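Spelled out, the chains give:
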Amino acid sequence: INISGIATHEVVIVPPVAKMAQQVTGYSFVANWEAVPDATGYYLTVFTATDQESTIKENFANGLNLLGGWTTNANATTTSTTYSGDAPPALALRTNGDYLQTDMFNSQATSLSFILKSSTGYNCKLYVNAWNGTEFVKIDSIDIILGLSDTLIYNFTENDNYSAFKLEYSTPTSGNIFIDDVAVTFANTINIIISNKWVEGTSDTITGLSAETDYYYKVKASDKKIRPDSSVVYENITSFSNTIHIKTNEPSAVVPVFADEPNSIVSVYNVLGQLLFQTSGDKFAINQLPKKQMLIVKLGNKTMKIVVN
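Residues numbered from 1 in each chain as written. Predicted model: local features only at pLDDT ≥ 70, side-chain atom pairs only at ≥ 80, totals over all residues. Heavy atoms only, no water.

Enquirer: Describe the environment of Ile 237, and please don't skip the residues or the numbers.
Expert: Assignment of secondary structure puts Ile 237 in the loop between strand 19 (232-234) and strand 20 (244-247). The class for Ile 237 is partly exposed, based on a relative accessible area of 45%. In this structure the C-alpha to C-alpha distance between Ile 237 and Ala 221, which are 16 residues apart in sequence, comes to 5.8 Å. Filtering out sequence-adjacent residues up to four positions away, Ile 237 remains in contact with Tyr 43, Lys 220, Ala 221 and Ser 222. (Helix = DSSP H or I, 4+ residues; strand = E, 2+ residues; numbered from the N terminus. Buried < 20%, exposed > 50% of the residue type's maximum accessible area, 1.4 Å probe, protein only. Contact = heavy atoms within 4.5 Å.)

And the structure:
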């Protein structure tokens, strides 16, 4: 008797907990987070934010090729001006369970708006759901009537903590509704420095930053399994962790370095062995060093320890 098979079990990974940054300098910091059981790696995002209001809008100008991070299981759009918003096309939701989901944004939304039209009206509904950091919660249930044409606007407070939205169609039979000009507004403007960088450990050194500047980071956990040919067997990704705020230090000290050989490589590491600075030449100044910390400088085949006052 030949018996073969694969034993499987469901693995549920949870969002990581981000910790305060370490080794903060005027130009770098080390991002840290707690390990997640069964995670094989993490996606790190680093960004800055300003107080200027901003809006992200999906008008389906590229059809089903949506903005980055936005998803849908719908398979059609319409070019009819009757069922579009400012301009065709519009997204067509036609069967039960069709949905449109926004990206998971790096900031809390202050408003959501979209245009909704229909060519049906038989016990159909559109559910408006918002992500509150833990789960999608229903914020509205819209009854679909024949010939519906409306602009829906929802305003939020900081306490709502909504950072993503999902519009989901429910219909007992079939019939089309159309969504267009979906706009999400934020109280600030996000500037992405690093987007979803894959890190296998629980820390990463961020370099090349500006002195005396506010930065933020957060991470997602993944249980990604890779085949030998680098293709993905499966992957589950959590939502983001909490967000950590760091302000880089004032401009740091400058240390002149003179090499014995031309085009020498100088590298500076912190005590964790993480690279802080690297360049090449025969005469240069290292100007990205933290003060009052032990550093390791490697110049060619020479290694030295220094502390910058």
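Enquirer: Tell me what's going on with the sheet that holds strand 8 (residues 99-101), and back it up with residues and numbers.
Expert: Across the sheet, five strands lie side by side as 5-8-13-10-11; this open sheet has antiparallel pairing. The sheet terminates laterally at strand 5 (71-72) and strand 11 (136-144), the two strands that pair on one side only. Across eight bridges, the pairing between strand 10 (residues 124-131) and strand 11 is antiparallel. Bridge assignment links Tyr 127 to a residue of strand 11, and that residue is Ser 141. (Pairing = 2+ DSSP bridges.)

Enquirer: A description of the sheet that holds strand 1 (residues 18-22) should follow, citing residues and the corresponding values.
Expert: The strand order 1-2-16 describes an open sheet built from three strands, whose pairing is antiparallel. The sheet is open, and its two edges are formed by strand 1 and strand 16 (203-206), each paired on a single side. Sheet twist, expressed as the mean angle between neighbouring strand axes with direction ignored, is 20°. Note that strand 1 and strand 2 (residues 29-33) share three bridges and pair antiparallel. Bridge pairing in strand 2 places Ala 18 opposite Trp 33. (Axes fitted to C-alpha atoms, helices over the stretch in contact; angles between N-to-C directions.)

Enquirer: Pulling in residues and values, what's your account of the nonpolar core?
Expert: Formed by 31 residues in total, the largest nonpolar core has its most connected members in Leu 100, Leu 112, Phe 114, Leu 116, Leu 126, Ile 142 and Ile 179. Elements that contribute at least two residues to this core include exactly strand 7 (90-93), strand 9 (109-118), strand 10, strand 11, strand 12 (149-155), strand 13 (164-170) and strand 14 (177-186). In terms of residues, this core owes the most to one element, strand 14, which gives five residues. Each residue touching Ile 179, except ones within four places of it in the same chain, is listed here: Phe 60, Ala 90, Leu 91, Leu 93, Leu 100, Phe 114, Ile 115, Leu 116, Leu 126 and Leu 167. Membership of the second largest hydrophobic core comes to 21 residues, among which are Ile 13, Tyr 217, Val 219 and Ile 246. (Core = buried A, V, L, I, M, F, W, Y, C linked by side-chain atoms within 4.5 Å.)

Enquirer: Describe unusual backbone geometry, and please don't skip the residues or the numbers.
Expert: The omega torsion across Pro 88 and Pro 89 is 0°, close enough to zero to call that bond cis. With respect to the helices and strands, the residue Pro 89 is situated in the loop between strand 6 (76-78) and strand 7. For Gln 23, which is not glycine, the phi dihedral falls at a positive 50°. In this fold, Gln 23 is placed in the loop between strand 1 and strand 2. A positive phi angle, close to 75°, is found at Ser 230, a residue other than glycine. As for its placement among the helices and strands, Ser 230 is situated in the loop between strand 18 (225-226) and strand 19. For Ser 230, a relative accessible area of 57% corresponds to the exposed category.

So yeah, pure geometry; function would need other evidence.
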